[in-house]
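A closer look at the structure
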Amino acid sequence: MRAVVQTVSRAAVTVDGEVVGEITDGLLVLLGVTHSDTPQLASTMARKIHELRILDDERSAADTGAAILVVSQFTLYGDARKGRRPTWTAAAPAEVAEPLVNALVEALRDRGAPVETGRFRAHMLVESVNVGPRTVLLEL
């Protein structure tokens, strides 16, 4: 499981002209799932994201109550080492990835985090206004 975590002053996901997820002053999480990921790994990643000390004054979303926008991003497992056209074979298929993305979102909510999401299997327009910018790659 891979997550790109960015501090944002604003982030939103739009699908077919409708805003389906939107936050202010929080974390944008682009989440990739691979074949070997498990619900337990999703729970661990949720904890790491929630407790990541990336906000002002080295505080976390757990400390501040900051909102989190989670967007599924299979392209985090793209591999372009052998040319210009990436392969996506390391990304889990949607049938495997979607329940694990949902498990991570529920684990964040169980921790008390306000969470918004994108829409799985949709063509999403993701907008963000990064703060800092501060971006961290988490990989489990």
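Throughout what follows, the structure given in this document is the object of discussion.

How each quantity is defined
- Residues numbered from 1 in each chain as written.
- Predicted model: local features only at pLDDT ≥ 70, side-chain atom pairs only at ≥ 80, totals over all residues.
- Heavy atoms only, no water.
- Buried < 20%, exposed > 50% of the residue type's maximum accessible area, 1.4 Å probe, protein only.
- Helix = DSSP H or I, 4+ residues; strand = E, 2+ residues; numbered from the N terminus.
- Pairing = 2+ DSSP bridges.
- Right-handed = clockwise from strand over helix to strand, strands pointing away.
- Phe/Tyr/Trp six-rings, centres within 6.5 Å; stacked < 30°, edge-to-face > 60°.
- Core = buried A, V, L, I, M, F, W, Y, C linked by side-chain atoms within 4.5 Å.
- Contact = heavy atoms within 4.5 Å.

So, on to the pairing of strand S3 (residues 67-72). Looking down a regular strand, the side chains alternate between one sheet face and the other. Judged by how many residues are buried, S3 sits mostly within the fold: five of six residues are covered. As defined by bridge partners, strand S2 (residues 18-32) adjoins S3 across six bridges and the pair is classed as parallel. Directly across from valine 29, in S3, lies its bridge partner valine 70. Where S3 lies against strand S4 (residues 115-117), three bridges are found, and the strand directions are parallel. In the strand pairing of S4, valine 70 is matched with threonine 117. One crossover worth recording links S3 to the parallel S4 by way of helix H3 (residues 94-110), and it is right-handed.

As a further point, take the packing of aromatic side chains. Inspection of the entire model under this criterion finds one aromatic pair. When the ring of phenylalanine 74 is compared with that of tryptophan 88, the centres are 5.5 Å apart and the planes differ by 80 degrees; the resulting orientation is edge-to-face. Of this pair, phenylalanine 74 sits in the loop between S3 and H3 while tryptophan 88 is found in the loop between S3 and H3, placing the two residues 14 residues apart along the sequence.

The next subject is the nonpolar core. With 29 residues, the main nonpolar core has Leu31, Ile49, Ile68, Val70, Leu104 and Leu108 as its most contacted residues. Contributions of two or more residues to this core are made by strand S1 (2-15), S2, helix H1 (39-51), S3 and H3. Per element, the largest residue contribution to this core is seven residues, and it comes from H3. Every residue in contact with isoleucine 68, bar those within four places of it in the chain, is listed here: Ile23, Leu27, Val29, Ile49, His50, Ala61, Leu108, Ala113, Pro114, Val115 and Glu116. Val4, Ala11, Val15 and Leu30 belong to the second largest nonpolar core, which has 13 residues in total.

Keep in mind these values describe shape, not function.
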